[in-house]
Amino acid sequence: MIFVILLPFLIALFIPFLAGFKQIIHTGYAALFASLTIFIYFLTLLISGETDNLYHYTWIPSLDLNLTFYTDGLAIFFALLISGIGVLVAFYSIFYMERHESLGSFYVYLLLFMGAMLGIVTSDNIYALYTFWELTSVSSFLLISYWFTRKSSTDGALKSMLITFLGGFSLLGGLALLHMVTGTASIREILAKGDIILSNDWFPLILILLLLAACTKSAQFPFHIWLPDAMEAPTPVSAYLHSATMVKAGLFLLLRFTPVFKESEAFFIAVTLIGLVTLFWGSYMAVRQTDLKGILAFSTISQLGMIMAMIGYGTEAALFAAMFHILNHAVFKGSLFMAVGIIDHETGTRDIQRLGGLWKLMPVTGIISVLASFSMAGVPLPILNGFYSKEEFFKSSWDLSADRVLNSDFSAVLAAVVPYAAVAGSIFTFVYSMYFYFQTFTGKAEKQTAEKTHDPRFGMLAAPVLLVSGVLLISIFPNWFSRHLLQPAANAVYGEPVKAHSIHFWHGIVPAFIMSLIVVAAGILFYLTRNYWKGLYRLLPGKLSGNTVYASLLSASENQTKRVNDRLVNGSLRQYNSIILTSVSVLTLAMLFATNSLDLSAIDASPVSLPQSLPELAVAFIMIAAAFGSTVSKRKLTAVIILGVVGYGLSLLFVLFRAPDLALTQLSIETITVVLFLSCFRHLPELKQDKKAKLSKKITNIIIASLCGLMMMLVGLAAYSQRLFPTISGYFVDNSYKLGGGDNIVNVILVDFRGLDTLFEITVLAIAALGIYSLIKLRHKGGDR
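These remarks concern the structure in this document. This one's a predicted model, so the numbers in the text were calculated from it and none came from an experiment.

**Topic: the overall build of the protein**
Along its length, the protein carries 34 helices and two strands. Seen along its three principal axes, the alpha-carbon backbone of the protein occupies a region of about 105 × 65 × 60 Å. A burial count over the protein gives 49% of its 785 residues as buried. In the protein, once contacts between residues fewer than 6 apart in sequence are set aside, the share between residues at least 24 apart is 78%. Summed over its atoms, the accessible surface of the protein is roughly 38700 Å², and 68% of this surface lies on carbon and sulfur atoms. Here the protein contributes 52 positively and 45 negatively charged side chains, and the mean placements of these two sets differ by 14 Å.

**Some thoughts on empty space enclosed by the protein**
Counted according to the given criterion, the structure contains one cavity of 30 Å³ or more. What lines the largest cavity is Leu46, Thr51, Gly73, Ile76, Phe77, His484, Leu485 and Pro488. Of all elements in the fold, only helix H3 (73-96) and helix H23 (478-494) reach the threshold of two or more residues within the lining of the largest cavity. Split into classes, the residues belonging to the lining of the largest cavity amount to five nonpolar, three polar and no charged.

**Things to note about the pairing of strand E1 (residues 53-60)**
Bridge count for E1 against strand E2 (residues 65-71) is seven bridges, and the pairing is antiparallel. Along E2, the bridge assignment pairs Thr58 with Asn66. In sequence, E1 turns back onto E2 through a hairpin of four residues, with Asp64 there showing a positive phi of about 65°.

**Overview of the nonpolar core**
Grouped together as the largest cluster of nonpolar side chains are 201 residues, with contacts concentrated most on Phe42 and Met323. Residue contacts for Met323: discarding those within four places in its chain leaves Leu74, Phe77, Phe78, Leu255, Leu486, Ala489, Ala490 and Val493. Listed in part, the six residues of the second largest apolar core include Leu592, Cys708, Met711 and Ala718.

**Re the side chain of Ser218**
With respect to the element layout, Ser218 can be found in the loop between helix H9 (203-217) and helix H10 (226-229). A distance of 2.6 Å separates a polar side-chain atom of Ser218 from the backbone oxygen of Val247. Looking at Ser218, its side chain comes within polar contact range of the main-chain nitrogen of Leu251, at 3.1 Å. Leaving out residues up to four positions away in the same chain, Ser218 has contacts with Val247, Lys248, Ala249, Gly250, Leu251 and Leu304.

**Topic: the environment of Asp195**
Tracing the sequence through the fold places Asp195 in helix H8 (residues 194-199). Asp195 sits in the exposed class, given a relative accessible area of 66%.

**Looking at unusual backbone geometry**
A negative phi angle is the norm for most residues apart from glycine, just as the trans form is the norm for most peptide bonds. Cis peptide bonds are those with omega within 30 degrees of zero, and the linkage from Phe221 to Pro222 qualifies with 5°. Assignment of secondary structure puts Pro222 in the loop between H9 and H10. Of the consecutive residues Leu540 and Pro541, the connecting peptide bond is found in the cis state with omega at 15°. Examined against the element boundaries, Pro541 turns out to sit in the loop between helix H25 (530-533) and helix H26 (546-568). Backbone geometry at Ala219 places phi at a positive 55°, although glycine is not the residue there. Mapped onto the secondary structure, Ala219 falls in the loop between H9 and H10. Taking the relative accessible area as the measure of exposure, Ala219 reaches 0% and is therefore buried. The phi dihedral of Arg658 falls on the positive side, at around 60°, and the residue is not glycine. Among the secondary structure elements, Arg658 is positioned in the loop between helix H29 (636-656) and helix H30 (660-682).

Rules used throughout
- Residues numbered from 1 in each chain as written.
- Predicted model: local features only at pLDDT ≥ 70, side-chain atom pairs only at ≥ 80, totals over all residues.
- Heavy atoms only, no water.
- Helix = DSSP H or I, 4+ residues; strand = E, 2+ residues; numbered from the N terminus.
- Buried < 20%, exposed > 50% of the residue type's maximum accessible area, 1.4 Å probe, protein only.
- Contact = heavy atoms within 4.5 Å.
- Areas by Shrake-Rupley, 256 points an atom, 1.4 Å probe, with all protein chains shown as cover.
- Lys, Arg positive; Asp, Glu negative; His and termini not counted.
- Charge placed at Lys NZ, Arg CZ, Asp CG, Glu CD.
- 1 Å grid on protein atoms, 1.4 Å probe; cavity = no way out; pocket = protein on both sides within 12 Å on 5 of 7 lines; lining within 4 Å.
- Points joined across faces, edges and corners; volume = space filled by probe spheres on them.
- Nonpolar A, V, L, I, M, F, W, Y, C, P; charged D, E, K, R; others polar.
- Pairing = 2+ DSSP bridges.
- Core = buried A, V, L, I, M, F, W, Y, C linked by side-chain atoms within 4.5 Å.
- Polar contact = N/O pair within 3.5 Å; in protein donor to acceptor, adjacent residues only side chain to side chain.

Written out as structure tokens, the structure is:
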């Protein structure tokens with residue numbers, strides 16, 4: 001299992017080499033191979049019923065940092081989604097991305113993202129999950145800014161990174177609190193301690209932090225503003241990241257911890273409200289857009305809001321419906337993004353005001369779009385999978401008051417309002433779906449567009465055709481998907497087996513069907529009268545928007561940063577060192593006192609006996625005198641030479657304490673240091689100081705030096721006095737000869753036990769030597785310049 005999960009990272013290592021042969025074979029085939037291999041592996045697990053697989057690699061057990069992967073029904077569901085859509089996106093990108101582009105970078109970023117998403121959904125260790133979570137943000141930033149020469153691409157990438165990184169930091173805080181409360185970093189063990197978490201005083205903060213992480217990653221209101229700007233990425237990226245995978249990461253996070261949170265009243269209220277507001281706002285704003293990818297971006301926001309609301313309900317029916325709609329949304333939205341890519345590729349525009357009449361010019365693309373958009377709208381036809389999950393959404397909304405225990409009046413009111421809010425949000429979902437399809441494919445095409453527009457070659461059509469076939473396949477065999485894919489995932493989300501769901505097109509004249517009819521009727525009315533009410537957008541949102549707030553915050557932070565930077569970065573090395581040393585000293589001392597870490601102990605210290613310790617004391621007094629002398633010296637060269645006495649005195653102490661190896665090392669380092677200082681100061685100009693400011697600067701230097709010295713002394717004493725873990729010195733004493741074959745423990749440690757450290761240190765010195773040699777050669781060739 002570990003090989004399959006890490007396969008995208010392994011393939012990514014070879015992509016730069018393969019990109020050199022892109023004129024012979026397209027680099028995208030490597031990504032296609034990786035995603036297909038992963039999909040086949042997880043499909044085999046699904047068919048064989050081999051869930052609950054565990055891989056555990058112990059890394060730092062004392063800190064509970066381990067690489068643990070676990071595949072239950074939920075993990076397999078998302079892994080199949082990530083790899084399955086990944087197969088089609090990789091194939092689509094082979095025909096979409098031109099060979100003259102930087103394909104190596106593109107597919108490295110894409111594979112990094114795929115591997116990070118697989119890591120998120122299969123990780124059992126919370127810190128591994130967090131690491132993969134942040135890697136998705138980094139790789140998506142690189143993918144969104146792939147066309148970095150476009151300012152809109154870099155701006156969109158920056159916005160997505162800033163907002164999702166905010167969620168990443170909050171996720172780290174929430175996971176750390178979970179670790180502190182439960183005493184474990186294993187997600188499986190955390191879920192088994194739900195009662196402890198819910199009763200803990202930290203639970204409200206944990207919930208807020210995890211919700212913030214989920215909302216930023218899954219583009220929930222008001223953090224949704226990054227998703228439309230992310231549409232500047234290449235269309236394969238939009239189809240993969242922003243419809244099927246990355247935006248589902250936040251939903252996955254909540255689904256993973258739902259067994260603990262579903263009984264919480266605060267979780268129900270917060271998640272349900274966030275989801276319903278996002279559903280309405282995303283669908284309402286989608287009708288305003290004129291860019292096809294902009295419409296799909298806001299439609300994605302609204303669909304994510306609907307799924308978020310169902311997670312908030314926390315009932316068996318709602319969680320099953322959430323899993324069902326996650327699957328359906330990936331299918332119809334991914335195919336719609338690919339269709340938009342085809343339209344843009346063939347017509348040269350995504351502006352819906354310049355499009356129209358494409359049905360006759362691009363019939364295959366039209367079929368893909370009509371099936372996907374009508375499925376997204378929830379049109380009640382038996383061949384549209386979106387209708388089935390939309391019915392489940394309406395049913396769970398209608399039955400919420402009866403299926404969930406409501407412990408407050410506010411919860412009861414919210415549960416009563418939920419069905420009406422679900423219908424209101426879904427009306428605009430229907431409107432933007434019709435708007436997308438009819439404005440693009442019906443009417444009359446522009447003459448210039450009609451002359452050059454046609455369906456692309458089969459290679460570009462194959463992926464969206466296969467993906468949109470899933471709309472029909474799920475509609476024809478819904479109960480197969482329910483039994484083998486959705487039911488195991490819903491069981492993992494609910495924390496116990498949920499009742500079997502029988503999915504049918506016709507359930508009679510039930511409330512859910514009536515709600516669907518209301519949505520269709522009202523949606524048709526709103527679509528036909530759009531020109532009469534679209535002026536409403538001038539009032540709501542009007543000039544107020546999340547982008548305005550974001551731009552104001554970004555501008556304010558940049559201005560404040562510039563003011564601080566202009567004040568601090570003035571070219572004075574003295575000021576830089578003063579600020580750094582003072583800050584480090586004050587913060588370290590504050591933490592020492594705040595955490596009661598100054599419990600000093602001299603139990604293990606060497607005894608002091610005056611007759612035996614006179615040589616050591618003499619050397620110590622010489623070092624103190626030399627250190628003091630270096631501070632009162634009026635010449636820099638003299639101060640450096642006097643300061644060298646301190647280093648050589650330390651070498652003498654090593655000799656007296658029978659550590660000749662350390663003494664030789666200290667002698668070498670001290671000699672090199674003194675020579676380098678002398679060489680540097682020889683070429684530096686004399687330091688000119690204002691006589692009036694000279695005394696104040698000396699006093700400041702004395703204070704800073706004393707503070708820094710006090711800090712280092714206390715840190716050293718505190719570190720020596722406290723033993724948080726058993727000492728490792730005994731291991732070296734017992735095994736240096738037996739395992740290393742040497743009598744000198746220091747040599748054995750450096751060469752055998754820490755051989756890699758020594759090798760890297762030598763490598764660093766070699767690189768530094770080459771750098772110095774290169775600079776000397778350049779100076780020699782360029783004269784005195």
